[in-house]
Amino acid sequence: MSTLPSLHPSRAEKMIFVKYTPPPLNVDRADYDAWLERVNYLSDDLHWLLQLPHEKFWCQVVYDASLHEALDSFLQYCPRSHDIVSSLPENVKDRHQELCRLVFMTYLRMSTFKESKDHSLTPEVFGEILYENFLFDIPKIIDICSLFGQTNGQILSKMIGNIFTHQPKYLDDLRETVPTILQVLRNIAAECGLQLDSPGPSPQKLDRPSGGNHLASMPTSALQDVILYLSDTAVALNRFLDIYPPACAVFHQFNFCSVLANFYECMVPELTAAVKVHNFSSDQLKKQFLVKVRQIKKSLVTVFRLIIQHTCIQPILENGGKEDVVGSCAEDLLHTMTSVLGERQFLAVYEGMFCFQDDVDMLLQTSSSNLDSAQFDYIQSAINSAFATYGRRKSPRGDTNTGGRTSPDGAPDSLGSMAAMSQASKWVDTDIKDAADFQTEDYGEGAVAHPRPNEAELESLITSVKDLFPDFGEGFIELALEELDWNHEKVVSSILEDKLPPSLAGINRGLQRQERTDNQGDGQMDLDNILDSRRNIFDNDEFDIFHNKAVDFSKIHVGKKDQKVDIDDKTIVTVAKEKFEAYGNIDQDSMYDNQQMYEDEYDDTYDTNAVGADDVDSADELSNAKVLPRVLMELERKKAKEEGRLNESSDDDGREEERQPNQPARDEFVADPAKLREQAEQRRQSKAARGRHSRGGAPAAPRNRDVVGNAKGQGQSEEVLRNRQMKTRHKGQYHKAGADRKMSKGMF
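Residues numbered from 1 in each chain as written. Predicted model: local features only at pLDDT ≥ 70, side-chain atom pairs only at ≥ 80, totals over all residues. Heavy atoms only, no water.

## Structural notes on the overall build of the protein
Next, step 1: Each helix and strand in the protein was counted, giving 27 helices and zero strands.
Next, step 2: Counting all 748 residues of the protein, 36% fall into the buried class.
Next, step 3: Total accessible area on the protein stands at roughly 44900 Å², and carbon and sulfur atoms take up 51% of it. (Helix = DSSP H or I, 4+ residues; strand = E, 2+ residues; numbered from the N terminus. Buried < 20%, exposed > 50% of the residue type's maximum accessible area, 1.4 Å probe, protein only. Areas by Shrake-Rupley, 256 points an atom, 1.4 Å probe, with all protein chains shown as cover.)

## So, the side chain of Thr336
Next, step 1: As for its placement among the helices and strands, Thr336 is situated in helix α14 (residues 323-339).
Next, step 2: Given a relative accessible area of 4%, Thr336 falls into the buried group.
Next, step 3: Residues in contact with Thr336, not counting those within four places in the same chain, are His252, Cys257, Phe304 and Ile308. (Contact = heavy atoms within 4.5 Å.)

## Points about the pattern of salt bridges
Next, step 1: One pass over the full model with this rule turns up 13 salt bridges.
Next, step 2: Taking the shortest distance from any N to any O, the salt bridge between Asp44 and Arg95 comes out at 3.2 Å. Highlighted residues: Asp44 in helix α1 (residues 29-50) and Arg95 in helix α4 (residues 90-110), separated in sequence by 51 residues.
Next, step 3: Residue Asp44 is classed as partly exposed on the basis of its relative accessible area, which comes to 42%. (Salt bridge = Lys/Arg side-chain N within 4 Å of Asp/Glu carboxyl O.)

## Some thoughts on helix α17 (residues 373-390)
Next, step 1: Taking 1.5 Å as the rise per residue, α17 with 18 residues should run 26 Å; its terminal C-alpha atoms sit 26 Å apart, in good agreement.
Next, step 2: Those residues of α17 lying buried are Phe376, Ile379, Gln380, Ile383, Asn384, Ala386 and Phe387. Here the buried residues of α17 occupy an arc of 165 degrees about the axis, which is enough to place them on one side.
Next, step 3: Lining the buried residues of α17 we find α14, α15 (344-353) and α16 (356-366). (Expected span 1.5 Å × (residues − 1). Arc of directions from axis to C-beta.)

## Examining the packing of helix α13 (residues 283-318) against α16
Next, step 1: Where α13 meets α16, the axes come as close as 10 Å, and the angle between the chain directions of the two elements is 20 degrees. Considered as vectors, α13 and α16 are oriented roughly parallel to each other. Considering only the axes of α13 and α16, their crossing is left-handed. Where α13 approaches α16, its residues Arg305, Ile313, Ile316 and Leu317 are matched on the opposing element by Asp359, Met362, Leu363 and Thr366.
Next, step 2: A class-by-class count of the residues in the contact of α13 with α16 yields five nonpolar, one polar and two charged. (Axes fitted to C-alpha atoms, helices over the stretch in contact; angles between N-to-C directions. Parallel < 35°, antiparallel > 145°, perpendicular 65-115°, else oblique. Left-handed = near helix turned anticlockwise from the far one by under 90°. Nonpolar A, V, L, I, M, F, W, Y, C, P; charged D, E, K, R; others polar.)

## Concerning the packing of aromatic side chains
Next, step 1: Evaluation of the coordinates by the stated rule reveals 20 aromatic pairs.
Next, step 2: Consider the rings of Phe164 and Tyr244, whose centres lie 4.5 Å apart with planes at 15 degrees: the pair is stacked. With Phe164 in helix α7 (residues 153-166) and Tyr244 in the loop between α10 (220-243) and α11 (247-253), this pair connects stretches of sequence that are 80 residues apart.
Next, step 3: Classification of Phe164 by relative accessible area gives buried; the value is 3%.
Next, step 4: Ring centres of Phe304 and Tyr350 lie 5.4 Å apart, and the angle between their planes is 80 degrees; this geometry places the pair in the edge-to-face category. On the criterion of sequence distance, the pair formed by Phe304 in helix α13 and Tyr350 in helix α15 is long-range, its members being 46 residues apart. Residues Phe304 and Tyr350 agree in their burial class; the two are buried.
Next, step 5: The rings of Tyr131, Phe164, Tyr170, Phe240 and Tyr244 are connected pair by pair, giving a single aromatic cluster. (Phe/Tyr/Trp six-rings, centres within 6.5 Å; stacked < 30°, edge-to-face > 60°.)

## Regarding helix α5 (residues 123-132)
Helical periodicity: at 3.6 residues per turn, an α-helix aligns residues three or four positions apart in one direction.
Next, step 1: Of the positions making up α5, those classed as buried are Phe126, Gly127, Ile129 and Leu130. For α5, the buried positions fall inside an angular range of 160 degrees around the axis, keeping them on one side.
Next, step 2: Where the residues of α5 are buried, they touch α2 (54-63), α4, α7 and α8 (169-191).
Next, step 3: At the exit of α5 stands Phe134, carrying a positive phi of roughly 55 degrees.

What follows is the structure in C-alpha cells.
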C-alpha cells in the first residue's frame, strides 16, 4: 500500500469558493439581497475551512485555486477603512464584519507554521510553501495592511514579521517593488500634466510645467479615478510601513523621501486647487473629494516621517553610545532633509505635523560627539521660512522664530490604533463617517482659524473685495478668501503685492461663482447642519426632541409635581418604630463575646474627658436588658400616657415633679447643660461625703509626688527617681481603670 505525503492534491476537498463583490451603491433591495447571499456563502465556506485539521487545511490552501481567487477578490474589492461608502443596513453590516473576521483569521492561520506541539511545519518548509505557492506576495501584504492595519496593527505586525523572517526572498521582492511604486507616482503626475524632477545628476528645468488647468478641465470620472487611486496608494503605504518598520530601510535605499517630497510639491497643491474649481454634480461629492485630498496629504507626509524615523532617528536612540552609528545616522538625516529644502510647501506641512527642532535636540543630547549644529540651524531656518509662507495654524502657541513663524505643534498624530488580539469583533472598520465630519479635522496644514462664514457674511466679504477689484470674478475672490482664512484684508494686500498663494496661480481671475442648488441662498443657516454639529451630554436621551420624535410630554412639568401629602399618614413612623424595636432586642451579653475589649491607644484619647465615668447607675438601668433610642422612649411614654398607665407629671427617672396647674410639661429630649452640671456636682459631693464617713473623718490631701526634679544635667534626688519608678510601674493601672469605667458605661 502506497503512502501519500502530508501535502497531496488528493487530500484537498473539492470546493468552489464564491468570489467577493463590492457592496451595492444603490438602495435596491434585490441588489442587497443578492450581495448578502454571496457574503453568506463565502462566510460559511471560510468557517468550514478554519475548522479543518492542520494537514487538511494546508492541503486545501495549497491546492484549491478557487480559494485563492475568493481571497484575492476580497482584498481587491473590500472597502477600506478610509473609504467613504454608502451606509449598509445593520444586519448586512454585521454579516460583512463577520466575513472580514473570517478572512483575517484565514490569513493569520496561513502565516503560522506551528499551531501546537503535534501540528506544525518546519520554518524552512513553511517559508518554501508560502513563496512557491504564491500564498503571499508584496501586493497582497500591502492590501492586508490597508484593510486590517487600523484596528489590528499589533497582531498584524507579528504576522507579517513572521512571513518576512522565515522567507527572506520577500525582502528581495520588496526591493523590486519599490521602483515600481516610484514609477506609479511619476505616471500619476504625468497623467495630470506634471513632471517630477529627475533624481539623477542631469540638470533640471527652471520652469516647472503647471497641470492646474489640465486637472481642472478633466472630466469628473477621470479626476475621481486619479484621486481615489492616489488616496488608496498613499494610505496603503502608510499602513504597511507602520505595521512593518524594517521595510523603511528598503524604501530609503531608493531615495524614496526625495521623490515623495517632490511628488507632493508638484501634485498636491494642483490637485487641491483643481478640486475647488471643478464643477461637480453636487456639493456633497465635492466635499468627499476634498476629504480624499486631505487623506492624501496626511498619508504622504506620514510616510516620509516613518522612513526618517526608522532609518535615521530610531537607530540613534537605540545606539546612543556608538559614535559611528550616531554619526552615520546624523549624516543621513542631514542629507535627506537637505535634499527636500526646495519643496517649501511640503516642508510647511511636515513642520506642522512633526517638529524638526525636537529631532535636532534629541540628536544633540544623545550624541556625545561634537556635531556641527550650523547645518541643523541652516535646515531649521529654511523650514521656518517655508512655514511662515505656507504654514497655517489653528491657534498661535509658543515662541516666535525666524521669519515671524509661530512654532507649530511637535506632537504627531497617532499612526494607527493597536488593538489587542482579544478584540476579535473589530477586524476592519467599515463604519465611515460622513464627509462633513472631516471638514474640521486637521490634516497637517493646520485648520482654518475662523469657520466658514454664512451666506450673508460671505456675500459681504466678496463685495468688499470686488469693489476694489471689479475685474476679478466672484468665484476667484471666494477661493482667495478661503485660502487666506476668510480675511478680506489679507486678500486685498496679497493682490496688491502680487503675493497670492501658489494654489491660485493657475486659476482664471475672472472665475464666477457656481449656482447654489440648495436652499441656503437666503442667508439662513441649514437647520440640519446645526443639529448634526450640536453636541450635548443629553443627546439621544428620552427627552431629546431633536433626535427622538416620540417624547412622552406627560413626564415634563415645570417645578414640582402637584401631589397632595396626607399629614395623617403615619406609615413611615410605624415602619421606623418596628425597625428600632428590632434593634432594641439585642442581647447585650453576646455583643462583647470573642472581641478585644481594650485598646490602649484609643483609651488614651478619652482619658482626660469624664464621659459618664462618675454617673451613678440607677436600679432600672442595671436591670433593664432592652436598649431603646430616646425618640422611641418618648413614643412609649406618650402611648402609656394615653392608656392611663403613666402619670403626666412623671419624668424619665420615674420621679414625680410638681408643676403649676397651667404649666405645660417640659420636653426633656435635650437636657439642660446647667442642670446636668449641677447634678454631677451633687454626685461628687455625695461620693466625697460617703468616703469621709467610711474613713471616719476628712480625707487626707493627695500626696504630691515630684517626677520633674531638677534641670537636665544637674542630677536628681533619690525621691524623684523613686517617684519616676513608681509612676512607670503603676501607670498601666490608671489606664486599665479608665478603660473599665468606659466599658461599664457601654462605650465599647
